[in-house]
Amino acid sequence: MTAPPATAPAVAPALRLSGVSRTFGATVALDAVDLEVSPGEVHCVLGENGAGKSTLCNIVFGSLRPSSGSVERDGEPFTPSNPADAIASGVTMVHQHFSLLPNLTVRENLLLGRGGVRLDRAGLARRLAELEEAYGLAVDPDATTGALSVGARQQVEIVKALLPRPDLILFDEPTGVLGPAEIAGFLSTVRRIADAGTAVVLITHKLAEVTQVGDRATVLRGGRVVGGGPLSELTSDDLVTLMIGREVGGLDSVLAASLGLTSPEPVGSPAATTGAAAEAPEPAGSPVPAAGPAVLEVRDLVVDATDGARTVDHLDLAVPGGSIVGIAGVEGNGQSELVSVLSGALTASAGTVTLDGTDVTAAGPGPRAALGLGVIPEDRHHDAIVGELTVAQNLLLGRLDELRRFGMLDRRAMRRRAEDLVARYDVRTAGTDAPISSLSGGNQQKAVLARELSLDPLRCVVAAHPTRGLDLGAVDGVVRRLREAAASGVAVLVVSSELSELLALCDVVHVAYRGRLLGPVPTDDPTARDQVARLMTGAVA
Ligand SMILES: Nc1ncnc2c1ncn2[C@@H]1O[C@H](COP(=O)(O)OP(=O)(O)OP(=O)(O)O)[C@@H](O)[C@H]1O
């Protein structure tokens, strides 16, 4: 599983797919796909939500079998019957969703390794030191995995995929959960992995990542290859046109930002997350935007983690009806905990949360939804859908009482309501009775958005990273709906690590810094980007 010698004659592709198709019932997920990836190449696979990207990776990783066609590795037929088989043959994968067990330590998770890896504690320590040296990937083996930030967990996933020294590694939307600084680090890791001779397949919706790190690209639409080639010969516009099937002129600024096509994000000071040196500064100015009365109000909120660390530190926030308020900041500055408290999933140590003047601090998610609070959590896969239930059940989760007649569930009304949401939010599914787990990752997210934004009444939306993992059309839909909600008087709070997106979407942007909110910065100020960037370092001049 090492790089071929430089003198080797024509090298067989590390991966070759010839005419690979895969159907699920009537759904054609992949349709006669041809694809080649060479050793040392970063091959980006692009396409809309549901285009077949994950299915392709799952076939190569042995989780799925092709319905027809063939897969070769190094010129030999490759038919892994399961992931352990694939790992033993030098193929590993970093999934769209975390595969680590949260209650175990990082070491336990890494030693669990499926197939291929057989390491004892000392061997693991040596290998971790090697990976840190080679790729700058540092993980704390004693940390409890569930207590790690999303970015740190992703780092462990990557380390886990590198442990068996693969010669082909598949990344299925690995940057969806990462902040800008972590994405930059990830891309340089990917380049180093490829430069060491490993073939890399990288799935991403972000064109900036493709142009930055990719050597070649293949674009899928509706399961078919619609184009691609060396990235030296393709522009971002070419790729967008291939992805959506028509030319697009003058992209909306939020769309451009979500594709990573605007100027680079300023990266906050690492000290902001490590809790080093200086005292946390006082929040600058009033945290209340000068708009209508607050629909959502947070006062003097404190959250202490179980290990005693103060993650939210006397935070105040007001979101007026009719406005879109953003929270930017380096991950780990309390924004995730704030969203969890607002959703009712996490109990605050002190402080109050009110919705239209009603104190909901002690209320669970159900009563909050009844008062009109829609929440799109950060980890939608774990916190917002129930994989065993159908699309309809997930779309109507918590609302089944409204659909009872004489105590019985009105199944016809349920189906009608679900079908209406599927159509309005463009959720691509074989039907509302299909298990939600059969939907592509992006379409599962669209279902969560559909449920939360269709609350009646809807008074406030709290959206954490609402465009993550979504394709161009879906981002457009989300942005439109958040704007429509605000225009109809709803208070919208958006937490995101995509500063360009926040600046384009929000009226004002706060910066989360050491458990507090700095700002707000009005986004119509021409220096807004610089002001936010400065606040991200904790400077409040
Ligand atoms: N286990 C399954 N059962 C039924 N249909 C499935 C299953 N897995 C995938 N599909 C369908 O196959 C198609 C391709 O899905 P896939 O997950 O490969 O898309 P994707 O390009 O990775 O999308 P995304 O960007 O949203 O992650 C979709 O229509 C999806 O609903």
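Residues numbered from 1 in each chain as written. Predicted model: local features only at pLDDT ≥ 70, side-chain atom pairs only at ≥ 80, totals over all residues.

Visitor: Teacher, can you tell me more about the overall build of the protein chain here?
Guide: When helices and strands are tallied, the protein chain shows 19 helices and 22 strands. In the protein chain, which comprises 541 residues, the share counted as buried stands at 50%. Contacts in the protein chain between residues at least 24 apart in sequence constitute 71% of all its contacts with a sequence separation of at least 6. (Helix = DSSP H or I, 4+ residues; strand = E, 2+ residues; numbered from the N terminus. Buried ≥ 20, exposed ≤ 12 C-beta atoms within 10 Å, placed from the backbone. Contact = placed C-beta atoms within 7 Å.)

Visitor: Please explain the sheet that holds strand 13 (residues 324–328) as it appears in this structure.
Guide: Sheet strands associate in pairs through backbone hydrogen bonding, adopting either a parallel or an antiparallel arrangement. Ordered by their spatial adjacency, six strands build an open sheet running 16-19-20-13-21-22, and the pairing between neighbours is mixed. Edge positions in the sheet fall to strand 16 (373–376) and strand 22 (516–522), since each has one partner strand and no second. Each strand axis lies, on average, 20° off the axis of its neighbour in the sheet, ignoring direction. Sheet topology places strand 16 next to strand 19 (residues 460–464); four bridges connect them, and they run parallel. Paired with Leu 373 across the two strands is Cys 460, which belongs to strand 19. Packing of helix 19 (residues 528–536) onto the sheet brings it into contact with strand 13, strand 21 (508–513) and strand 22, and relative to strand 22 it is tilted by some 170°. (Pairing = 2+ DSSP bridges. Axes fitted to C-alpha atoms, helices over the stretch in contact; angles between N-to-C directions.)

Visitor: Please explain the UniProt feature "domain: ABC transporter" (unreviewed entry) in the protein chain as it appears in this structure.
Guide: The feature "domain: ABC transporter" (unreviewed entry), as given by UniProt, occupies residues 15–247 and 296–539 in the numbering adopted here. Annotated as residues 296–539, this span is 34% helix and 26% strand, and its ends, taken at the C-alpha atoms, are 27 Å apart. (UniProt positions renumbered as here; feature names shortened; annotations may be inferred.)

Visitor: What am I meant to see in the pairing of strand 14 (residues 350–355) here?
Guide: A regular strand places its side chains on the two faces of the sheet in alternate fashion. Taken together, the five bridges between strand 11 (residues 294–304) and strand 14 define a ladder with antiparallel strand orientation. Pairing of Val 302 across the sheet is with Ala 350, part of strand 14. Taken together, the two bridges between strand 14 and strand 15 (residues 358–359) define a ladder with antiparallel strand orientation. When the sheet's bridge partners are listed, Thr 354 is paired in strand 15 with Asp 359. Once strand 14 ends, the chain turns through two residues before running back antiparallel as strand 15, passing Asp 356 with a positive phi of about 50°.

Visitor: Honestly, the site of the ligand in this entry has me stumped. Any pointers?
Guide: Around the ligand sit 18 residues, and of these Ala 29, Asn 49, Ser 54, Ser 440 and Gly 442 come closest. Within the residue set of the shell around the ligand, elements represented by two or more residues are strand 2 (27–37), helix 1 (53–60) and helix 16 (441–453). Of the residues that constitute the shell around the ligand, the class distribution is four nonpolar, twelve polar and two charged. Counting contributing residues, the shell around the ligand receives three or more from each of domain 1 (15–249) and domain 3 (387–444). (Near = placed C-beta within 6 Å. Nonpolar A, V, L, I, M, F, W, Y, C, P; charged D, E, K, R; others polar. Domains from an automatic or database assignment.)

Visitor: Help me out: how do you make sense of the packing of helix 16 against helix 17 (residues 472–487) in this one?
Guide: As a packed pair, helix 16 and helix 17 sit with axes 11 Å apart at the nearest point and diverge in direction by 10°. Regarding the angle of helix 16 to helix 17, the classification is roughly parallel. Facing helix 16, whose interface residues are Gly 442, Lys 446, Leu 449 and Leu 453, helix 17 presents Ala 474, Val 478, Arg 481 and Ala 485. The residue inventory of the contact of helix 16 with helix 17, partitioned by class, reads five nonpolar, one polar and two charged. (Parallel < 35°, antiparallel > 145°, perpendicular 65-115°, else oblique.)

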